[in-house]
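If you want the building blocks of each chain, they are given just below.
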Amino acid sequence: MTQTIQTVGIANGGGDCPGLNAVIRGAVRAAILGHGWRVIGINDGFDGLIWTERTVPLTVESIAGILPRGGTILGTTNRGNPFHYVVEENGKKVEHDFSLRVCENARKLGLDAIIAIGGDGTLTIARDLARMGIPLVGVPKTIDNDISATEVTFGFDTALHVATDAIDRLHTTAESHGRVMVIEVMGRNAGWIALHSGIAGGADVILIPEIPFTIETVCRSLRERAAAGKKFSLVVVAEGVKLPPRDANGKPFPAPRPGQVGILIGEAIHESLGQDVRTTVLGHIQRGGSPSPFDRILATRFGVEAVELIARGEFGRMVCLHAGEIESVTLDEAVGVNRQVDPKSGMVRTARAVGLTFGDQ
């Protein structure tokens, strides 16, 4: 027998992402207009279920106008794991397990189900809370596009547009000054943004986590371009690339901090070639701004289907895109495995066919 639903909560966690507001809007409108449910917004990830004063009612009126807005009206955090929550007590950092408190507060708030929007970390927390008895469904979110159970995540298309536009702009200044331009894009575990934007932007070198590279091979490719009369080159680097042990001059690479990988690679290229090199780190620019039409539509479809999963009593599942249709998988299937670029995939072969190098051959 399907549980009677009256009140649904919505939470998002992890990094912000274009399209989060579109998911919230789609879910709120589908829940209220389609089912007559009450909807509660859980602010700042699962923190809103640890401290319930952070929850707010969501109505059709309160979410009006949020479809094209970037970020999230509910706020978010990537440090709010209720199973391992770190707080400062007497000047020391102490870890607490607030999971039972989250379950109790969900009951006190009268939540019959929760929609959790996030990447692998947030959805792993959602899965563990579902195992504790919270009726819960997930929505995949990450600009990195690395959740294995869905063909694409919302936010990726917008990030791709931002990265490609940046490469286009750097293309013209690189050509004007005869420089090597290194562009670092996001992609901690997977190189989807680098691969797609590199092809779309006409890059000459793409460096991604899935394909090991050497500075010598990269520089050889750049020298060949220079010998052919090309005075400039574009190198697109995913932030999660694995640096080789040493640069072209045999010096060890230092362990990079976030945002430094592109800079280290740019310096190594400069030392090897003696050519003017400039590095641009796009960073959180890729996360911000209005979502693309594709992401608005996909996010809306995800939000609506999450509500329908709840209506059917199909908890412990995540909505996903498969062959253009919105389907669902279990949260166990959804988390724990990153969707990475296959080095032998058609996309990589296409890049190589038009003369791109990945620094490996």
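Below is a summary of the structure that appears in this document. For every chain, the first residue of the written sequence is number 1, and numbering continues from 1 along that sequence. A pLDDT threshold of at least 70 governs which residues receive local features in this predicted model, and a stricter bar of 80 or more applies before side-chain atom pairs are shown or counted, although totals over entire chains, interfaces and linings include all residues. The basis for the side-chain values is all heavy atoms of the structure; hydrogens and waters are excluded.

### Some thoughts on empty space enclosed by the protein
Method remark: on a 1 Å grid restricted to protein atoms, a set of points is classed as a cavity if a 1.4 Å probe fits but cannot get out and as a pocket if it is open with protein on both sides within 12 Å along at least five of seven lines; lining residues have an atom within 4 Å of a point. Grid points are joined across faces, edges and corners, and a volume is the space filled by probe spheres set on the points. Overall, the coordinates contain one cavity of 30 Å³ or more when judged by the stated rule. If you add up the space inside the largest cavity, you get close to 30 Å³. As for the largest cavity, its lining consists of V180, L222, R225, A226, K230, K231, F232, S233 and Q275. If one sorts the elements of the lining of the largest cavity by residue count, helix α7 (residues 215-227) sits on top with three residues. For helices the rule is a DSSP run of H or I covering at least 4 residues; for strands it is a run of E covering at least 2, with both sets numbered from the N terminus onward.

### A few points about the sheet that holds strand β2 (residues 38-42)
What the seven strands build is an open sheet, ordered β3-β2-β1-β6-β7-β12-β13; its pairing is mixed. Because the sheet does not close on itself, it has two edges, and the strands there are β3 (55-58) and β13 (325-330). The mean inter-strand angle of the sheet, taken between neighbouring strand axes irrespective of direction, is 30°. Pairing between two strands is assigned when DSSP locates at least 2 bridges connecting them. Here five bridges tie strand β1 (residues 7-12) to β2, and the two strands are oriented parallel to one another. Within β2, the position partnered with I10 by the bridge is G41. Angles here are taken between N-to-C directions and fall from 0 to 180 degrees, while the axes themselves are lines fitted to C-alpha atoms, restricted in helices to the stretch in contact.

### Section: the pattern of salt bridges
Any Lys or Arg side-chain nitrogen located within 4 Å of an Asp or Glu carboxyl oxygen qualifies as a salt bridge. Applying the stated criterion across every chain, the model contains 13 salt bridges. Across the pair R131 and D128 runs a salt bridge, and its minimum N-O distance is 3.8 Å. Of this pair, R131 and D128 both sit in helix α4 (residues 120-131), three residues apart, roughly one helical turn. Partly exposed residues are those whose accessible area sits between 20% and 50% of the maximum for their type, while under 20% is buried and over 50% is exposed, using a 1.4 Å probe and protein chains only. Given the relative accessible area of 57%, R131 is considered exposed.

### Section: the side chain of N105
Relative to the elements of secondary structure, N105 occurs in helix α3 (residues 99-108). Judged by relative accessible area, which is 10%, N105 ranks as buried. Polar side-chain contacts of N105 include one of 2.8 Å to the backbone oxygen of L49. Under this definition, polar contacts are N or O atom pairs within 3.5 Å; protein pairs additionally need one hydrogen-donor-capable and one acceptor-capable atom, and for neighbouring residues in sequence, both atoms have to be side-chain atoms.

### What to know about the layout of surface pockets
What the largest pocket holds in volume is close to 930 Å³. Taken together, 39 residues form the lining of the largest pocket, with G14, G15, N78, R188 and R287 sitting closest to its centre. Secondary-structure elements contributing two or more residues to the lining of the largest pocket are α4 and β8 (180-185). In terms of residue count, α4 provides more of the lining of the largest pocket than any other element does, four residues in total.

### Things to note about the nonpolar core
By nonpolar core is meant a set of buried Ala, Val, Leu, Ile, Met, Phe, Trp, Tyr and Cys residues that side-chain atoms within 4.5 Å join together. The biggest cluster of nonpolar side chains holds 86 residues, and the ones touching the most others in it are I10, I115, F154 and I269. A11, L123, I147 and C320 belong to the second largest nonpolar core, which has 31 residues in total.

### Focus: the state of the cysteines
What makes a disulfide is a covalent bond joining the sulfur atoms belonging to two cysteines. Any two cysteine sulfur atoms within 2.5 Å of one another count as a disulfide. Summed over the entire model, instances satisfying the criterion amount to zero disulfides. C17 provides the cysteine sulfur closest to C320, a residue in no disulfide bond, and the two sulfurs are 17 Å apart. Assessed through its relative accessible area of 2%, C320 is described here as buried.

### A look at the sheet that holds strand β9 (residues 205-207)
Taken in spatial order, the four strands line up as β9-β10-β8-β11 in an open sheet, and their pairing is parallel. Since the sheet does not close on itself, it has two edges, and those belong to β9 and β11 (277-281), each with one partner. The sheet shows a mean angle of 15° between the axes of neighbouring strands, direction not considered. Bridging between β9 and strand β10 (residues 233-238) involves three bridges; their strand directions are parallel. Residue pairing in the sheet places L207 in a bridge with V237 of β10. The sheet strands contacting α7 are β8, β9 and β10, and the helix crosses β9 at an angle near 165°. Contact between two residues is taken to exist if any of their heavy atoms lie within 4.5 Å; hydrogens are not considered.

Just distances and angles here, no functional claims.
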